[in-house]
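Chain by chain, the residues run as shown.
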Amino acid sequence: MNRKVRYYLVTALAGVAAGLLFSGQSFILAILSQVLVFAIAALGLNLLTGQAGQVSIGNAAFMSIGAFTSAVLVTRLGLPIPVAVIAAAAMAALFGLVIGLPALRMKGFYLAIATMAFGVVVEQLIAVVPALGSHDGLRDLPSPVKGELGTYFVNLAFYLAAIWVARRVVESPQGLRWRMTRDGEVSARSFGVNTSRAKLSAFVASAAFGGVAGALYAHTVGYIRSADFGLSRSLDLLAMIMIGGSGSIQGGLAGAIIIIGLRFFFSRGFGPWLSVIIGGLLIAFTLFFPRGIAYGLTMAWHKVLQRPLNAVRKRLVLARTRKTGSYVEAGGRKIFWRESGSGEPLLYVHGNTGSLRWFEEVMDIPGRRVVALDMPNFGRSDALGAPADIGAYADAVAAFMDAMGLRGIPVVGHSLGGAVVQSLACKRPELASAILLVDAAPPSGLVTPEERYASIGLFRTSRDLLAASLEAVAPSIREKSRLAPLVNDALLMAPDAFEGNARALARFDCRASAGAYRGKVLVLRGEKDSIVTAAMAKETAAAFPGARLEILEGVGHSVIVEDPDRFIGIVKTFLSSL
Amino acid sequence: MVLETSDFRVSYGRIAAVKGLSIAVGEDEAVAVIGANGAGKTSLLAGLAGLVDASGGATYKGASLAGLSSAERVKRGLVLCPEGRRIFPELSVEENLRLGAFRRGRVGPGLERVNALFPRLAERRRQTAGYLSGGEQQMLAIGRALMSEPELLMLDEPSLGLAPVMVDLVFETLAALRAQHIPILVVEQNAAKALAFADRAYILANGSLVKEGPGRELLADDSVRSAYLGI
Amino acid sequence: MSILQAILLGLPQGALYGLMGLGLSLIFGTTGVMNFAQGNSGMLGVFFAWSVLAWTKSLPLAIAAGIAAGALLGVGTDRILMKKVKGLTHGGMLIVTLGLLMAYEGLALIVWGTEPLLFPDLVTLPPLIWTLPPSVNPDGIPLIVAGSDLFILALALVISLLFAAFFKFTKIGLALKARSQDEVGARVVGISVGAVDSLAWGSGVAICVVLGTLVAPKTMVTPGMLTTLQLYGFTAAVFGGFSSLFGAVVGGVILGVLEKLASLGLDALFAATHAANVNSADFQLSVILIVIIATLAIRPTGIFASRFKGKV
């Protein structure tokens, strides 16, 4: 299923489940409703502060405006609630402009003060208008649907809509403009971003969300006072996105659960402790977990929570695929392999996180006995038993070829496998009569920047991230479902090989001996390959005497899965030229 | 040796700016450190001055610098004239100079010396420092550093952003200070001037030492000329 | 009420605003942190003074203890929290002080409960009464300045002069000025920036405690006693551009007078238009705040701000 759809579905189901779980307890449902309402307001603040970098401690004012607008429209003019909510959003958005315009010239602390002033002004001015109930506020506001459960589901629906809209905006060019403005106004402007318009749109969007939240609050709680939306409310919202995590769309929800939840939990007599705790949490999170809970949860998902699923998957995959090949003893290890067809042999060597299944669709070469193996550390073969090293992999492949009686045959290597094949050709030229390198690492090695190693560590435990990275490595593949077995096989790789292979590729250097190889060499590179650059491919071709370089349009790093037929054609042509 | 470092390291989080440097400055020596942008030159001086955390060995006047605050280092005569001058813009020229003697040095004799060295500054005694030109501000920064009676004067890119005429003036000043036997450690992007001025020089790249030797030799070295002098 | 009386009422009020602004500017100008917990820090000091008063019955001792406690709180905040907060974004630093704001409020409630506490006047002075000649004052209404207001004005003047002298004539004052203008420059001349920052924090909060003891007789000692004043303090500091202490005090005084005059004007307006039930007091703060927003929009760094600071 599409990951995005799954995201909304999970959220929706969780929300519905929570509602049904507490369907009899209106008190809890009321709290849940409030959580959702404030999550929407926090989301609005997140757009302004988290995305566009404009610190605001007056956003409760937008809630206030939305709440009173909707209340008045419904009770005095008899408008239906959905219309009133839209009007509330519009009214609040207008006020977003009112503060957004002067705010354009302010930054940082000054902006915070101005937004705080704005919040206080709105609070004060609303409290003096008799039509808005003065200090006592407005009471007996109707709810959208009879009953707490119904109201809860209405709020849930609005929340889902809110995150859908927010996500779309954040991932759109507008979101990019906001983030560029946040990260460096001058740079953003030099890239052509109209930072003033970006900031204004952020204020307006933030206000609109706040207005909707306010309107929903009014009809959920039924009673609003201007003082309900004062400075402490604005601070609550800030705390929500800070603790929940401003980098995530759902961060506001996490924060709202904690803040609103804590508030109710402490409402019976422990009031002052609440302030101390929330204040302390704010400080602690800012200092130690600046990315908030949502980030923590995301990391937990990638580092820990997928592990049991992965373990189960691994077991299933191993069980299901055991009979699809055979084992041979080579170099003191059991190597898994399979073959197809008869005739002169041809060997396929896979790449990083790979296995022989990468070649599944190219095993049929007429007139050829095609052999593919899982290198040690990969797939169903034994572990390498030593730190990952290209030379060691090459030795293992050589041992496999010796054990299988394969000698003087063409060998194909993909990506890391290409490096292994180059090493093999230099160490044991009698084994490889010709080599075909598909998007291979160049003879001088492939260095991964130090900063990337942290995320490489995450690949070990997160199938999600592995899947995403494999998609990137086969960008033009037509049926994404083809990648699923490859992702599962990626899980089978030895844990220490994730980082180990990257380091091995950095160390790899066969430039000295490449010149001595006498066999035919064909170097392939997909033009959309984001790992192996054109320069690297040229370097590879130049290192081997008489090597030919072929650039393939329309494919990326893995033509063997992106366009198997094309690959077969290339192999056939290559073989016939030998 | 008034200053000696061994395996000196400066890192900002995971990024190593200075990766194990061993340099030395003699009692009566002017040493230059040159290299491209990002080579770690400023980090080196910042680490020596105590402005950023550093690890590894650093001895000044025979005693280790480890654990000494930047104020303490100034007190012992290890003075930095920082990159970008960093003068106090709202104070007068004279107030700036007086502040140079905040931790160490006597104001009276100090001012006399600085005024003798920089007559132009003496003229502008009461002017607000923020209104001085770039070159004048650089003179002020050097003057302020001199007010601390340095026993090792470190300068971070004193010629940066200055017109050629002012650059000459800066190096003339450095030569004058050299003549007064004040040990100098100067970091510069202007390799030609720095190598011509210094007795010895170190060349940094990517936080590590690439070459060292007498200034004149390096100036004549072809590889140095092509890499840093654009010749 | 006459305009003159409004001004006479506005001056001491403005002096309070100015002192609050001075404290805020001191900390922000020196260390670059806007202390949103300033009011509540001072509040805790006042509560502490109240406790010492209840225990020792000695007002001078109580005041001294409160100020000392405030200074300690300020220094502690800097040493323990602010040093860690250095590398954060503005938003981050803001949030940390907001967290303190919340925590201090809760702390006060926990330790001293919810009942407002009584605090005595620092000094009891007779009011100044002054009747202008009938040519300008036909109704014969005297101008009155309350004794406490006189005291506030005097104290504010003394404190401002002390600070001015401190910055002009003492070495530490010079160090503070230097550090606020360029941190690296301050370090390379051997100024202990850490110590200077702590000094700024300690003094800033100490001033706020003084402020608290001045208003406590009227507002009573409650957790929220200085929240509104802090808001006014920010507006005063905005006038001064946060880096000019003089500007903050002057700004505060101007603000106080403006506020009373605006109140006068609004009352007249409401009377003329027969708008019932509307009290100008409700609008006072809003008017001021709108002025602030406008000021920030026109001159984002304040009216008396320095030309050289790239601050914020």
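Here the residue index of a chain counts from 1 through its sequence in written order. Following the order in which they are written, the chains are lettered starting with A and the ligands numbered starting with 1. Only residues with pLDDT of 70 or above have their local features reported here, since the model is predicted, and side-chain atom pairs are shown and tallied only from 80 upward, although totals for entire chains, interfaces and linings are computed over all residues.

1. Brief notes about the overall build of chain A
Then comes step 1: Comment: elements are numbered from the N terminus, with helices defined as DSSP H or I runs of at least four residues and strands as E runs of at least two. Helix and strand counts for chain A stand at 24 helices and 8 strands.
Then comes step 2: For every residue, the other C-beta atoms within 10 Å of its own C-beta are counted; 20 or more classify it as buried, 12 or fewer as exposed, and values in between as partly exposed. C-beta atoms are placed from the backbone. The 578 residues of chain A split such that 52% are buried.

2. Topic: the overall build of chain C
Then comes step 1: If you tally the helices and strands in chain C, you get 11 helices and 2 strands.
Then comes step 2: When the helices and strands of chain C are listed from N to C terminus, the series reads α-α-α-α-β-β-α-α-α-α-α-α-α.
Then comes step 3: Here chain C has a C-alpha radius of gyration of 20 Å; the compact-globule value for 312 residues is 20 Å, and the two agree.
Then comes step 4: Principal-axis analysis of the C-alpha atoms places the extent of chain C at approximately 65 × 50 × 40 Å.
Then comes step 5: For chain C, the residues scored as buried account for 51% of the 312 residues in total.
Then comes step 6: The long-range share in chain C, meaning contacts at least 24 apart out of those at least 6 apart in sequence, stands at 74%. Radius of gyration means the value over C-alpha atoms here, while the globule rule gives 2.2 Å times the residue count to the 0.38 power. Residue pairs are scored as contacts if the distance between their C-beta atoms, which are placed from the backbone, is within 7 Å.

3. Focus: the interface of chain C and chain B
Then comes step 1: Listed by partner, the interface residues are 16 residues for chain C and 24 residues for chain B.
Then comes step 2: Listing elements by their share of the side of chain C that touches chain B, those giving two or more residues are α6 (171-181) and α7 (183-188) of chain C.
Then comes step 3: It is α6(C) that provides the largest number of residues to the side of chain C that touches chain B, a total of 5 residues.
Then comes step 4: All amino acids are sorted into three groups, where Ala, Val, Leu, Ile, Met, Phe, Trp, Tyr, Cys and Pro are nonpolar, Asp, Glu, Lys and Arg are charged, and the leftover types, Gly among them, are polar. In terms of residue class, the side of chain C that touches chain B is built from 8 nonpolar, 5 polar and 3 charged.

4. Here's the deal with the interface of chain C and chain A
Then comes step 1: Contact residues are listed per partner, giving 37 residues for chain C and 37 residues for chain A.
Then comes step 2: Broken down by secondary-structure element, the contributors of at least two residues to the side of chain C that touches chain A are α4 (90-112), α9 (227-240) and α11 (280-298) of chain C.
Then comes step 3: Counting residues per element, the side of chain C that touches chain A draws most heavily on α4(C), which supplies 17 residues.
Then comes step 4: For the side of chain C that touches chain A, a count of residues per class yields 27 nonpolar, 7 polar and 3 charged.

5. Side note on the domain arrangement of chain A
Where the parts come together, the accessible area they lose is often given as the size of the interface.
Then comes step 1: Where each domain starts and ends follows an automatic or database-derived domain assignment. One can read the domain layout of chain A as domain 1 (3-229) and domain 2 (328-576).
Then comes step 2: Taking only C-alpha atoms, the centre of domain 1 of chain A and the centre of domain 2 of chain A are 53 Å apart.

6. Here we look at the pairing of strand β2 (residues 15-21) of chain B
Residues and elements named next belong to chain B.
Then comes step 1: Pairs of strands are assigned from DSSP output, requiring at least two bridges between the strands. With 5 bridges joining them, strand β1 (residues 3-12) and β2 adopt antiparallel strand pairing. When the sheet's bridge partners are listed, F8 is paired in β2 with L21.
Then comes step 2: Remark: 2 residues form the turn of the hairpin made by β1 and β2, two consecutive strands paired antiparallel; G13 in that turn has positive phi of roughly 65 degrees.

7. Notes on the sheet that holds strand β7 (residues 78-81) of chain B
Residues and elements named next belong to chain B.
Then comes step 1: The strand order β7-β8-β9-β4-β10-β11 describes an open sheet built from 6 strands, whose pairing is mixed. With one partner strand each, in any of the chains shown, β7 and β11 (208-214) form the two edges of the open sheet. The mean inter-strand angle of the sheet, taken between neighbouring strand axes irrespective of direction, is 15 degrees.
Then comes step 2: As judged from the 4 bridges shared by β7 and strand β8 (residues 152-156), these two strands associate in the parallel manner. By the bridge assignment for β8, L80 is matched with M154.
Then comes step 3: Strand contacts of helix α1 (residues 41-49): β4 (30-35), β7, β8, β9 (184-188) and β10 (200-205), with the helix running at about 145 degrees to β8, the strand carrying the most contacts. Only the stretch in contact is used when a helix axis is fitted, and all axes are lines through C-alpha atoms; the angle between N-to-C directions ranges over 0 to 180 degrees.

8. Things to note about the sheet that holds strand β5 (residues 409-414) of chain A
Residue and element names in this part refer to chain A.
Then comes step 1: The mixed open sheet is built from 8 strands, whose spatial order is β1-β2-β4-β3-β5-β6-β7-β8. Edge positions in the open sheet fall to β1 (326-330) and β8 (548-552), since each of these has one partner strand only. Pairwise comparison of adjacent strand axes, ignoring direction, gives a mean angle of 25 degrees for this sheet.
Then comes step 2: Where β1 and strand β2 (residues 333-340) come together, 5 bridges link them in antiparallel fashion. Of the residues in β2, the one forming a bridge with E329 is K334.
Then comes step 3: Contacts from helix α15 (residues 390-404) reach β1, β2, β3 (344-349) and β4 (368-373) within the one sheet, and its direction differs from that of β1 by about 105 degrees.
Then comes step 4: Together, β3, β5 and β6 (432-438) form the strand contacts of helix α16 (residues 416-427), whose direction differs from that of β6 by roughly 155 degrees.

9. Focus on the packing of helix α2 (residues 26-51) of chain A against helix α6 (residues 148-170) of chain A
Residues and elements named next belong to chain A.
Then comes step 1: At a minimum axis distance of 9 Å, the contact between α2 and α6 shows a crossing angle of 15 degrees. Classified by the angle their axes make, α2 and α6 are roughly parallel. Considering how the two elements wind past one another, α2 and α6 form a crossing that is left-handed. For the pair α2 and α6, contact is made by S26, L29, A30, L32, S33, L36, V37, A39, I40, L43, L47 and Q51 and by E148, L149, T151, Y152, N155, L156, F158, Y159, A162, I163, A166 and V170, respectively.
Then comes step 2: Along the lines of polarity and charge, the residues of the contact of α2 with α6 split into 18 nonpolar, 5 polar and 1 charged. For classification, angles of less than 35 degrees are called roughly parallel, those exceeding 145 degrees roughly antiparallel, those between 65 and 115 degrees roughly perpendicular, and all remaining angles oblique. Crossings are classed by handedness, with left-handed meaning an anticlockwise turn of the near helix from the far one by less than a right angle and right-handed meaning a clockwise turn.

10. A word on the nonpolar core
Then comes step 1: Here, a nonpolar core means buried Ala, Val, Leu, Ile, Met, Phe, Trp, Tyr and Cys residues linked by C-beta atoms lying within 7 Å of one another. Core analysis: the largest hydrophobic core is formed by 276 residues, its most contacted members being I40(A), V212(A) and M154(B).
Then comes step 2: The greatest single-element share of this core, amounting to 15 residues, is contributed by helix α8 (residues 193-219) of chain C.
Then comes step 3: With 83 residues, the next largest nonpolar core counts V438(A), L466(A), A490(A) and V521(A) among its residues.

11. Considering helix α17 (residues 453-461) of chain A
Then comes step 1: If you check which residues of α17(A) are buried, you get F459(A), R460(A) and T461(A).
Then comes step 2: Packed against the buried residues of α17(A) are α13 (292-305), α14 (307-321), α18 (463-473) and α20 (496-507) of chain A.

12. A word on the environment of G47(B)
Residue and element names in this part refer to chain B.
Then comes step 1: Here G47 lies in helix α1.
Then comes step 2: Along the primary structure G47 and N96 are separated by 49 residues, whereas in three dimensions their C-alpha atoms are 24 Å apart.
Then comes step 3: Not counting residues up to four positions away in its chain, the partners in contact with G47 are F8, V10, V18, V52 and A54.

13. Comments concerning the environment of V52(C)
Residue and element names in this part refer to chain C.
Then comes step 1: The residue V52 is located in helix α2 (residues 38-56) in this model.
Then comes step 2: The exposure class assigned to V52 is buried, which follows from the 20 C-beta atoms found within 10 Å.
Then comes step 3: Expressed as a C-alpha distance, the spacing of V52 and A272, which sit 220 residues apart in the sequence, is 51 Å.
Then comes step 4: Setting aside its immediate chain neighbours within four residues, V52 contacts L61, A62, A65 and G66.

14. What about the packing of α9(C) against helix α10 (residues 245-272) of chain C?
Residues and elements named next belong to chain C.
Then comes step 1: Running from N to C, α9 and α10 point in directions that differ by 120 degrees, and their axes come no closer than 7 Å. Between α9 and α10, the angle is such that the two are oblique. For α9 against α10, the interelement crossing comes out right-handed. Contact residues: Y232, T235, A236, A237, F239 and G240 in α9; L245, F246, G247, A248, G251, G252, I254 and L255 in α10.
Then comes step 2: Split by residue class, the contact of α9 with α10 holds 9 nonpolar, 5 polar and no charged.

15. Describing helix α22 (residues 534-543) of chain A
Because the α-helix completes a turn every 3.6 residues, residues three or four places apart line up on one side.
Residues and elements named next belong to chain A.
Then comes step 1: Every buried residue of α22 is listed here: M536, A537, T540 and A543. All buried residues of α22 lie within an arc of 130 degrees about the axis, which places them on one face of the element. Residues of α22 that are exposed and angled more than 90 degrees away from the buried face: A534 and A535.
Then comes step 2: Among the structural elements, β6, α21 (511-514), β7 (520-526) and β8 are those in contact with the buried residues of α22. It is the directions from the helix axis to the C-beta atoms that the arc portrays.

16. Section: the pairing of β6(A)
All names here are of chain A.
Then comes step 1: A large share of β6 lies buried, amounting to 6 of its 7 residues.
Then comes step 2: Pairing of β5 with β6 involves 6 bridges; the strand directions are parallel. Bridging across to β6, G413 finds its partner in L437.
Then comes step 3: Clockwise travel from the first strand over the helix to the second, with the strands pointing away from the viewer, marks a crossover as right-handed. Taken together, β5, α16 and β6 form a β-α-β motif whose crossover is right-handed.
Then comes step 4: Relative to β7, β6 runs parallel, the two being bridged by 5 bridges. Bridging across to β7, L437 finds its partner in V523.

17. Things to note about the confidence of the model for chain C
Then comes step 1: Confidence of the predictor at the level of single residues is captured by pLDDT, which takes values from 0 to 100. Scored by pLDDT, chain C has a mean of 87; 93% of the residues are at 70 or more.
Then comes step 2: Per the prediction output, this complex has pTM 0.81; the corresponding ipTM is 0.91.

18. A closer look at unusual backbone geometry
Both trends apply: most residues other than glycine have a negative phi, and most peptide bonds are in trans.
Then comes step 1: In the Ramachandran plot, E149(B) falls in the positive-phi region, its phi being about 45 degrees despite a non-glycine side chain.
Then comes step 2: The exposure class of E149(B) is partly exposed, given the 18 C-beta atoms found within 10 Å.

19. Focus: the environment of T533(A)
Then comes step 1: Take T533(A): it is sitting in the loop between β7 and α22.
Then comes step 2: A sequence separation of 36 residues divides T533(A) from A497(A), and the C-alpha atoms of the two residues are 23 Å apart.

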